[in-house]
Structure formats: structure tokens, C-alpha cells
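# Secondary and tertiary structure notes
Below, each chain spelled out in residue letters.
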Amino acid sequence: MRTILIVGAGQSGLQLALGLQSQGYEITLMSNRTADEIRGGRVMSTQCMFRTALGHERDLGLNFWEELAPRVEGLGISVAGPPTPQGHPRAVDWVGRLDGWAQSVDQRIKMAGWMEAFEQRGGQVVIHGAAVSDLDFLTRRYDLALVAAGKGELGSLFGRDAARSPYDTPRRSLAVAYVHGLGPRPEHPDVEAVRCNIVPGVGELFVMPALTLTGRADILFWECVPGGPADVFRGITDPSEHLERTLELMERFTPWEYARATKVELTDAGATLTGGYTPTVRDPVGRLPGGGLVLGVADVVVANDPITGQGSNSAAKCAAVYLESILEHGDRPFDEEWMRTTFDRYWQTARHVTKWTNTMLAPPREHLADLLRAGVTLPAVAHRIANGFDDPSGFEDFLYEPEKAAAFLEEARAEAERDGDAAEAEGDGDAAGAGREGATGNAGPGGVVGEAGPDDDDDGDADGDRDDDDGEVAGKAAAVWSLG
């Protein structure tokens, strides 16, 4: 039986440990906290996992909370326009329907539950904050050592890949609050959706439904431009003050979100989090002082800013790739060549996340603004952007180059015109059929065509966020703005 050491009890470490355990591997998991300590601690992330990542959990039978967590069916974008005496109006607002629903489960619930399941199934858990000296000794006892916790000393094992890491300082200051009492979005009260609110020069506010220790909740997550007007959370340790600052920023910069947040309260004493880190890609292989090798996992070696919501998704995808690679390798040695090849397999997915995230953190380009504006009137654009959160590789087709963006928008407009022509033809047929029915007393072809109308309208409402304010929103979308 092959023996494997996994350091770190987060999404990737535990998913990989449980997956290998199910295949008969002898796994030792090292964590710096017990399950009870994790469950009783502070929130750790703003995770929202999309269809592919949830599928990896489901494949391993780890979807313990699937029936409890809210099912996120849409992803919406709002962009604040220039300030007025009444505040910031929305220049852009739409929601795209996800092809497969997403979910967010508080990692305090998930990691504690998975760790307990691992132990109940016979896995060995060592509660110890591992140091380089520990790994130098322990790697001699295992066939493979994986590092899925990169903070502190262990991170120094993996050198920075400068060619893949354009930033050397944090691009956002992060502030998170889990709350109860948030009202529904009036534009789509029956559709659970993650909402991304972009305030040029200030930052981004994400609002997402979640399951936490105390039940159904929502996450309010500010990504603040360092030194900007929203960068006000430094030094705050009181959770109540944290929430107060969060709401003040919402009232000032995103009043459409604040309107449904006037009665919110924190879910528990550990419901707030602040921080920030530099997006970095690292060498995947760490060399220990005694010559042993360890392989870095997930954000230990590919860490992205959470502006694109990919942390837990990438961790799940990395664990799935590593699991498959380990199983395929059989009884052969886990040498450096295998480690690099395994990471390269993961990089084929991770590179798209890194490119997308770094693009959204960079100074904006006008074609990106064009794409977001187009989502207001072209449901196909909103749908494509929303579903890129599940598979960012699709952004290569239209997001990064102005020429590709223009071609994509031209195609979307042509599709919308064809759909409009078809709907008009159906309407003509419906009227003609009604005339024949009145003359003959029999149901004509128009009656059948007309039956399809309500379904088409419903789909359009869901994908394009149509409401009574469409004309006003479309007019605002024509205004010139930047993501600055």
C-alpha cells in the first residue's frame, strides 16, 4: 500500500486525501487545527463553487450539504456610473443564467465535516503546524509528500515564477462579512444569484447566497483598491464596526445593494475577515534541505486574487487532476519529472484563471467595457460571461483582444436580430391563425405557435434580466465609463 503525506486541511488537501483514501491509499493528513477548532473559528473565504468543481466533489460522494445550501442559478454584473448629488447610479445592470447551478458552503462547515469523515474512515490526522524541518524528516517515511498549506515557512519552499507573476504587491484589500437578513434583489426576486458590483476607482462588491453555521446567509465581500476610498478596514478588529463600515460603503457606492441590506446582522462572532495577498505563481516542486522533494498543491503554487471567485474552484480542479495523476502512476516512484508533469496538467486549467484574474486587476481596456455594457441588451453576452466563471478557458475566444471582442459582439447582435425576426414571424403566424380560428371555429397553426411564446419570454427574462426599467438601464449603458 502506497503511503502519502498531505500537509493542509483545506479544499484541495481534504478533497485529495478523501479521494486517495477511497482508493486504498494510506494517507496521513497534517492540520494546524482540529475539526472543532475550524468549526468554531473565523470564516476563511468567500467560496462560490460552480458546476465543474461541484461535480468533482459529487464524484467522490463529498457533496454532504448539497440539499441544504442555496442553489445559485445566475450571475449578475452591475457597474456604477459617475457620481451624482444623489450618489452613484447604475450604468450597467444584468444577470446571466448559469447552465448549472453553483453553491457556497462556509468552509468552517465543509472542512470540519470532511476532516471528521476522513478520520471516521480510518485516516490518520496529525494536529501540528508543520515546518520545513518536519517535512525534511517525514518525507523519508512516505512515498509522496504534498503541501496544500503555503502560509508561513512552507511557502518559502516554492520559488516565485516571475514570468507568470506580473504583480509583486496586493492589488486589492479584502473585507468579508457573513450576514442574515439581506432582502432579495427586486430585479430577480425568485432567482438566487451572485452579484458583482463594479465601482470604478473604488473596487468591487460581491454579494452571494451561502450556507453557514447558522443556516442560510449572504456574503458581503468588498475588494477595495488599495489607498482608495473603500480601503477603510485596516486595523478594525471589532466585527460590529466591520459590518458598519461595509454598510456605509454600500450606501455610498452601491445604493441598489444597500437598499436590501438595511436590516442585516452578522451570522456569528466569527463572521468577518480582512486581508489581502499578492497574486503569485510558484515553482511546483519544493526541495528540502535533506534533498527530499515535495509537490505544491492548488493556491500554494497558483494563488489568484478572489476578484474572479476561483479559489475553491481551482482547488477542487487541482485536487481532481492530482488524484487522477497519482492513480495512473501506479507503483512507480514519484520523482521530480512526475511532479512537474502533474503540475503541468493542472496548469492547463489554472493558466486560464490566472490570465483572467490578472486581466481584471489590470488597468481597464475599452473593449472590456463594451462587453459588459452589451450584456444589458444582449442576453447571449450575459450568458457567456456568467458561464465563464465555471470554465474560464472560453474567455480566450472574446475577452482579451479587441478584435475578438468586436467579432463576438457582432455575432451576438446578429443572433439577437435573427431571434427577433423569428419572434415577429411567430407573432404574424399567431395573428393569422387566430383569424382562421375565428372564421372556421377550429384551432389553426397559429394556436400552436402562440403556445411557445410564454416560454420564450420566460427564458429571455431569466437570461437578460428584463424588467420595467429596461429602457432606462439601456440608456445608462450608453454612457461612457471605465473600469478604472
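What counts as what
- Residues numbered from 1 in each chain as written.
- Predicted model: local features only at pLDDT ≥ 70, side-chain atom pairs only at ≥ 80, totals over all residues.
- Heavy atoms only, no water.
- Axes fitted to C-alpha atoms, helices over the stretch in contact; angles between N-to-C directions.
- Helix = DSSP H or I, 4+ residues; strand = E, 2+ residues; numbered from the N terminus.
- Parallel < 35°, antiparallel > 145°, perpendicular 65-115°, else oblique.
- Left-handed = near helix turned anticlockwise from the far one by under 90°.
- Contact = heavy atoms within 4.5 Å.
- Nonpolar A, V, L, I, M, F, W, Y, C, P; charged D, E, K, R; others polar.
- Core = buried A, V, L, I, M, F, W, Y, C linked by side-chain atoms within 4.5 Å.
- Buried < 20%, exposed > 50% of the residue type's maximum accessible area, 1.4 Å probe, protein only.
- Pairing = 2+ DSSP bridges.
- pLDDT = per-residue confidence, 0-100.
- Expected span 1.5 Å × (residues − 1).
- Phe/Tyr/Trp six-rings, centres within 6.5 Å; stacked < 30°, edge-to-face > 60°.
- Lys NZ or Arg CZ within 6 Å of the ring centre and 35° of its normal.

Once that is clear, we can look at the packing of helix α8 (residues 311-329) against helix α9 (residues 336-361). Pairs of packed helices are described in terms of their axes, by the angle between the two and the distance that separates them. Contact pair α8 / α9: the axes reach a minimum separation of 10 Å and the direction vectors enclose 150 degrees. Between α8 and α9, the angle falls in the class roughly antiparallel. Note on packing geometry: the crossing formed by α8 with α9 is right-handed. For the pair α8 and α9, contact is made by Ser-314, Lys-317, Cys-318, Val-321, Tyr-322, Glu-324, Ser-325, Ile-326, Glu-328 and His-329 and by Trp-338, Thr-342, Phe-343, Arg-345, Tyr-346, Thr-349 and Val-353, respectively. Residues belonging to the contact of α8 with α9 are distributed by class as follows: eight nonpolar, five polar and four charged.

Core analysis: the largest hydrophobic core is formed by 70 residues, its most contacted members being Leu-75, Ile-77, Trp-94, Trp-222, Leu-371, Val-381 and Leu-399. If you tally residues by element for this core, the top one is strand β7 (residues 173-180), at six residues. Once you skip the residues sitting within four places of it in the chain, Val-381 turns out to touch Leu-371, Ala-374, Gly-375, Phe-408, Leu-409 and Ala-412.

With seven of its seven residues buried, strand β8 (residues 193-199) lies for the most part within the structure. Alternating residues of β8 divide into Ala-193, Arg-195, Asn-197 and Val-199 and Val-194, Cys-196 and Ile-198, and every residue in both groups is buried. The pairing of strand β3 (residues 72-80) with β8 spans six bridges and is classified as parallel. Of the residues in β8, the one forming a bridge with Gly-74 is Ala-193.

This prediction gives the chain a mean pLDDT of 88; 88% of its residues lie at or above 70. Counting contacts from residues 431-484, a segment whose pLDDT is below 50, to residues more than four positions away or on other chains yields 67 contacts.

For the rest of this paragraph, the subject is helix α4 (residues 107-120). In this model α4 runs 19 Å from its N-terminal to its C-terminal C-alpha over 14 residues, within 8% of the 20 Å that 1.5 Å per residue would give. By the criterion of burial, α4 is predominantly enclosed, with eleven of the 14 residues buried. Of all the residues in α4, the buried ones are Gln-107, Arg-108, Ile-109, Lys-110, Met-111, Ala-112, Gly-113, Trp-114, Met-115, Ala-117 and Phe-118. Positive backbone phi, at 100 degrees, marks Gly-122, one or two positions downstream of α4.

For the structure shown, the criterion picks out ten aromatic pairs. By way of ring pairs, the aromatic residues Phe-50, Trp-356, Phe-389, Phe-395, Phe-398 and Phe-408 are connected into one cluster. Over the ring of Tyr-400 we find Lys-355, and its NZ or CZ is 4.4 Å from the ring centre.

On to the packing of helix α3 (residues 51-59) against α8, then. Where α3 meets α8, the axes come as close as 9 Å, and the angle between the chain directions of the two elements is 45 degrees. By the angle class used here, α3 and α8 are oblique. The two elements α3 and α8 meet at a crossing, and its hand is left-handed. For the pair α3 and α8, contact is made by Thr-52, Ala-53 and His-56 and by Asn-313, Ala-316, Lys-317 and Ala-320, respectively.

A few words on unusual backbone geometry. Excluding glycine, a negative phi dihedral is what most residues carry, and trans is how most peptide bonds are arranged. Positive phi is not limited to glycine here, since Ala-298 has a value of about 50 degrees. With relative accessibility at 3%, the residue Ala-298 sits in the buried group.

The next thing to look at is the sheet that holds strand β2 (residues 26-31). Strands in a sheet are paired, the pairing made by backbone hydrogen bonds, and the direction either parallel or antiparallel. If you trace the six strands from one edge of the open sheet to the other, you get β5-β2-β1-β6-β15-β14, paired in mixed fashion. Whereas interior strands pair on both sides, the edge strands pair on one side only; in this sheet they are β5 (124-127) and β14 (285-287). On average, each strand axis in the sheet is inclined to that of its neighbour by 25 degrees, with strand direction left out of account. Across four bridges, the pairing between β2 and β5 is parallel. Among the inter-strand pairings, Met-30 is bridged to a residue of β5, identified as Val-126. Along the sheet, helix α1 (residues 11-22) contacts β1 (3-7), β2 and β6 (144-147); its crossing angle with β2, the most-contacted strand, is approximately 160 degrees. Taken strand by strand, α8 contacts β1, β6 and β15 (293-296), and its axis lies near 175 degrees from that of β6.

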